[in-house]
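# Descriptive structure summary
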Amino acid sequence: MKSVISDMDGVIYRGKDLISGANEFIAELHAMGLPFLFLTNNSGDSPAALKGKLEQRGIHGLEESDFITSAMATALFLRQQRPGARLFAIGEEGLVAELEKAGFDITEDNPEFVVVGKTRQFDFDDMNKASRFIRAGARFIGTNPDIIDPTEDGFEPACGSILSSIEVASGAKPYVIGKPNSLMMTIATRKLGVHPDDTLVIGDRMDTDIVGGLEAGMSTCLVLSGVTRSDEVESFPYRPDYIVDSVAEIDLRGWR
């Protein structure tokens, strides 16, 4: 059976605004019985928070298990690499909660890893501590590479912007877990129990969603309701299988 992996920011909503056709798109997924997951580079919100965010926008009938975040993927990766490690974390509640749930010690006492996600509370002190820990030998991990995120009135800095400042200050490049890292796609297909050949990835970014899906062997659909503009598509050395203005134009029955 075919399956769908969809981004959220710029695909289902933009800032506080629900994108036209998103409710109908999700209803169609349910009506057709297609296995699906929301795979988001958002590290700040837990699955419960994401579910609540959609409910506030009028979308109901989803479960917490329908979401995978870059924070969840980061916690899984670190648990496989170094269980119980000491971490210095920069990020919102969703990231810290996932790391603590995975058994990590969040500390400023000689951390073995510096883990960075998007947060609006990032300041000079955070950058100073992170770069100092990294120069002392801590491994540098980023939840996702997104430089900007779409909002209802334009764009705002995202995790990649924070990572860049710490990279310059520390002289070290982060290992980034979120899309386009194939780890995110692998986690999603394993959870769904599907093969990449039977999976459609829907996203608004050529440099994360589309290339991540392409490299994982999935079909890809770019929506123009988020970050990537139509006049930017030709500048990339790869193309999505489908390009639409928004999820309102996706014909799941035709793709199935």
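Rules of the game
Residues numbered from 1 in each chain as written. Predicted model: local features only at pLDDT ≥ 70, side-chain atom pairs only at ≥ 80, totals over all residues. Heavy atoms only, no water. Helix = DSSP H or I, 4+ residues; strand = E, 2+ residues; numbered from the N terminus. Rg over C-alpha atoms; globule rule 2.2 N^0.38 Å. Buried < 20%, exposed > 50% of the residue type's maximum accessible area, 1.4 Å probe, protein only. Contact = heavy atoms within 4.5 Å. Areas by Shrake-Rupley, 256 points an atom, 1.4 Å probe, with all protein chains shown as cover. Pairing = 2+ DSSP bridges. Axes fitted to C-alpha atoms, helices over the stretch in contact; angles between N-to-C directions. Parallel < 35°, antiparallel > 145°, perpendicular 65-115°, else oblique. Left-handed = near helix turned anticlockwise from the far one by under 90°. Nonpolar A, V, L, I, M, F, W, Y, C, P; charged D, E, K, R; others polar. Right-handed = clockwise from strand over helix to strand, strands pointing away. Core = buried A, V, L, I, M, F, W, Y, C linked by side-chain atoms within 4.5 Å.

### Describing the overall build of the protein chain
On a plain count of helices and strands, the protein chain comes out with nine helices and 15 strands. At 18 Å, the protein chain has a C-alpha radius of gyration in line with the 18 Å of a compact globule built from 256 residues. Considering only C-alpha atoms, the protein chain reaches an extent of 55 × 35 × 35 Å along its principal axes. For the protein chain, with 256 residues in total, the buried portion stands at 54%. For the protein chain, the share of sequence-separated contacts (at least 6 apart) that also reach a separation of at least 24 residues comes to 69%. Element-wise, carbon and sulfur atoms account for 47% of the exposed surface of the protein chain, whose accessible area totals about 11,200 Å².

### A closer look at the sheet that holds strand E7 (residues 105-106)
Paired through backbone hydrogen bonds, the strands of a sheet run either parallel or antiparallel to each other. If you walk across this open sheet you meet the five strands as E7-E6-E8-E9-E12, and the pairing is parallel. Each edge of the open sheet is held by one strand with a lone partner, namely E7 and strand E12 (175-176). Sitting on the sheet, helix H4 (residues 93-101) touches strand E6 (86-90), E7 and strand E8 (113-116), and the angle it makes with E6 is about 165°.

### Points about the sheet that holds strand E1 (residues 3-6)
As summarised here, the arrangement of the six strands in space is E5-E4-E1-E13-E14-E15, forming an open sheet in which the pairing is parallel. The open sheet has two edge strands, strand E5 (67-69) and strand E15 (242-244), and neither has a second partner. Averaged over all neighbouring strand pairs, the angle between strand axes comes to 20°, with direction disregarded. Sheet topology places strand E4 (residues 36-40) next to E5; three bridges connect them, and they run parallel.

### Examining the packing of helix H5 (residues 124-135) against helix H6 (residues 159-170)
Relative orientation of the contacting elements H5 and H6 amounts to 50°, with a least axis distance of 9 Å. Comparing the axis directions of H5 and H6 gives the class oblique. Relative to H6, the crossing made by H5 is right-handed. The segment H5 lies against H6, with Met127, Ala130, Ser131, Ile134 and Arg135 engaging Ser165, Ile166, Ala169 and Ser170. Residue composition of the contact of H5 with H6, by class: five nonpolar, three polar and one charged.

### Considerations on the pairing of E6
A large share of E6 lies buried, amounting to four of its five residues. Bridging between E6 and E7 involves two bridges; their strand directions are parallel. Residue pairing for E7: Arg86 is matched across the bridge by Asp105. The handedness of the E6 to E7 crossover, carried by H4, is right-handed.

### Considering the nonpolar core
The biggest cluster of nonpolar side chains holds 29 residues, and the ones touching the most others in it are Leu78, Leu87, Leu99 and Val115. Among the secondary structure elements, those contributing two or more residues to this core are E4, helix H3 (70-81), E6, H4, E8 and helix H7 (182-192). Of the residues forming this core, the biggest block, six residues, is contributed by H7. Once residues lying within four places of it in the same chain are set aside, the contact partners of Val115 are Thr74, Leu78, Leu87, Phe88, Ala89, Ile90, Leu95, Leu99 and Ile141. Membership of the second largest hydrophobic core comes to 26 residues, among which are Ile26, Phe36, Phe38 and Leu54.

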